[in-house]
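Listed below are the residues making up each chain.
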Amino acid sequence: MPQFDSSIAPVRQRYDALTLFFHWVTAAAVIFMFASAHIWAWLERGTPLRKELQSLHISCGILLAAVIILRLLWRIGSQWNARYKMPKAETSPAMRIIAHATHGLLYLLLVTQVVLGFLFRWAQEEPFRFFGLFDIPTLAPVDITMRHTFATLHNGVAWALIGLASAHALAALFHHYVLRDNVLRRMLPRS
Ligand code: HEM
Ligand code: HEM
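So, a few notes on the structure that sits alongside this text. All values derive from a computational prediction rather than experimental measurement.

A few words now on the overall build of the chain. The number of helices and strands found in the chain is four helices and two strands. Listed N to C, the secondary structure of the chain is α-α-α-β-β-α in terms of helices and strands. By principal-axis analysis of the C-alpha atoms, the chain measures approximately 60 × 45 × 30 Å. Taken across its 191 residues, the chain has 9% of its residues classed as buried. In the chain, once contacts between residues fewer than 6 apart in sequence are set aside, the share between residues at least 24 apart is 70%.

Here it is in structure tokens:
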């Protein structure tokens, strides 16, 4: 079998297809999760549409949990492979530190939000179904009185996530349109 020679590997111009897929699916999911919760808040309690949106939120949340686990495994695993490793972005060291800190915090908020979502649902003691296909078992029995605490935390982390992701997206657009460097293009499919 031919061996991959990292010393003659071309320098990567953009992230690999799997990283692009995980990034944009996560971004779309986070926006949908936030929007769905704020849309059902306007609907009267007990209406079928409100319940449908909540079940969709929960099913997509289960999918998001799987995407985040796979994404983190791929992120950590691909670091060690010269074929997938990205060169440093064309920015100053200070900007790079801020970008790394922001990305680390985004990952932390994503994981926290998913864990809170699961704990919240278990505390509600209501059906925890994946698109009507199967039930998620209660892996950690949670005290029902913790419901309001999880609701408050889940809502707070949602705002933190949306706030930081918006700043992150604005920074990417600033790179593209003002600094005119390749930072955003690295995360876009080949055009
Ligand atoms: C980035 C991902 C997510 C965002 C932005 C998000 C956002 C929100 C928001 C803003 C609410 C309303 C909170 C309130 O009423 O105080 C909510 C409710 C809820 N979320 Fe999430 N969420 C996310 C992920 C998840 C996940 C992964 C799950 C679990 C699978 C989940 C389960 C729930 C549940 C059970 C509710 C309450 C539904 C009800 O009132 O019956 N969420 N979410
Ligand atoms: C909820 C929405 C979003 C989340 C949670 C998110 C999260 C992340 C994370 C965690 C990374 C780090 C990737 C890594 O190195 O492992 C990243 C990179 C990146 N994101 Fe996002 N992102 C979101 C939306 C956006 C949007 C809307 C844009 C563009 C307008 C964008 C542009 C980028 C770019 C260009 C990079 C690569 C930066 C670099 O190469 O240093 N992201 N994103």
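Having put the structure on the table, let's press on.
Close to ligand 1 lie 22 residues; Met-33, Ala-37, Gly-61, Gly-117 and Asn-155 are nearest. Sorting the residues of the shell around ligand 1 by element identifies helix H1 (17-40), helix H2 (48-78), helix H3 (93-124) and helix H4 (147-179) as the ones contributing at least two each. Per element, the largest residue contribution to the shell around ligand 1 is seven residues, and it comes from H2. A breakdown of the residues in the shell around ligand 1 according to their chemical character gives 14 nonpolar, seven polar and one charged.

Take the packing of H3 against H4 next. For the pair H3 and H4, interaxial distance at closest approach is 9 Å and the crossing angle is 155°. Relative to H4, the element H3 is oriented roughly antiparallel. Crossing hand, H3 versus H4: left-handed. Here the residues of the contact of H3 with H4 are counted per class, giving 17 nonpolar, seven polar and one charged.

What follows deals with the site of ligand 2. Lining the immediate environment of ligand 2, one finds 19 residues, of which Val-30, His-103, Ala-165, Ala-169 and Met-187 sit closest. Elements with a minimum of two residues in the shell around ligand 2: H1, H3 and H4. Counting residues per element, the shell around ligand 2 draws most heavily on H4, which supplies five residues. A class-by-class count of the residues in the shell around ligand 2 yields 13 nonpolar, four polar and two charged.

Quick look at the environment of Phe-150 now. Inspection of the secondary structure puts Phe-150 in helix H4. Phe-150 sits in the buried class, given 20 other C-beta atoms within 10 Å. Sequence separation between Phe-150 and Gln-124 is 26 residues, and the spatial gap between their C-alpha atoms is 9.8 Å.

This part is about the packing of H1 against H2. Interhelical geometry of H1 versus H2 gives an angle of 155° and a closest axis separation of 9 Å. Comparing their axes, H2 and H1 come out roughly antiparallel. Both H1 and H2 take part in a crossing whose hand is left-handed. When the residues that make up the contact of H1 with H2 are grouped by side-chain class, the tally is 17 nonpolar, six polar and two charged.

What counts as what
- Note on numbering: residues in each chain are counted from 1, in written sequence order.
- Starting at A for chains and at 1 for ligands, labels are handed out in the order in which the entities are written.
- Given that this is a predicted model, residues contribute local features only at a pLDDT of at least 70 and side-chain atom pairs are listed and counted only at 80 or more, while totals for whole chains, interfaces and linings are drawn from all residues.
- Labels follow the DSSP assignment, with helices taken as runs of H or I lasting at least four residues and strands as runs of E lasting at least two, numbered in each case from the N terminus.
- Counting other C-beta atoms within 10 Å of a residue's C-beta gives its exposure: the residue is buried at 20 or more, exposed at 12 or fewer, and partly exposed in between, where C-beta atoms are placed from the backbone.
- We call two residues in contact if the C-beta atoms placed from their backbones are at most 7 Å apart.
- The criterion for a residue being near a molecule or strand is a backbone-placed C-beta atom within 6 Å of that molecule or strand.
- Under the convention adopted here, Pro, Cys and the residues Ala, Val, Leu, Ile, Met, Phe, Trp and Tyr are nonpolar, Asp, Glu, Lys and Arg are charged, and Gly plus all remaining residues are polar.
- Between N-to-C directions, angles span 0 to 180 degrees; the directions come from axes that are lines fitted to C-alpha atoms, helices contributing only their stretch in contact.
- Should an angle fall under 35 degrees it is taken as roughly parallel, and over 145 as roughly antiparallel, whereas 65 to 115 is taken as roughly perpendicular and any remaining angle as oblique.
- Crossings are sorted by hand: turned counterclockwise from the far helix by less than a right angle, the near helix makes the crossing left-handed, and turned clockwise it makes it right-handed.

None of the figures reported here should be taken as evidence of function without further support.
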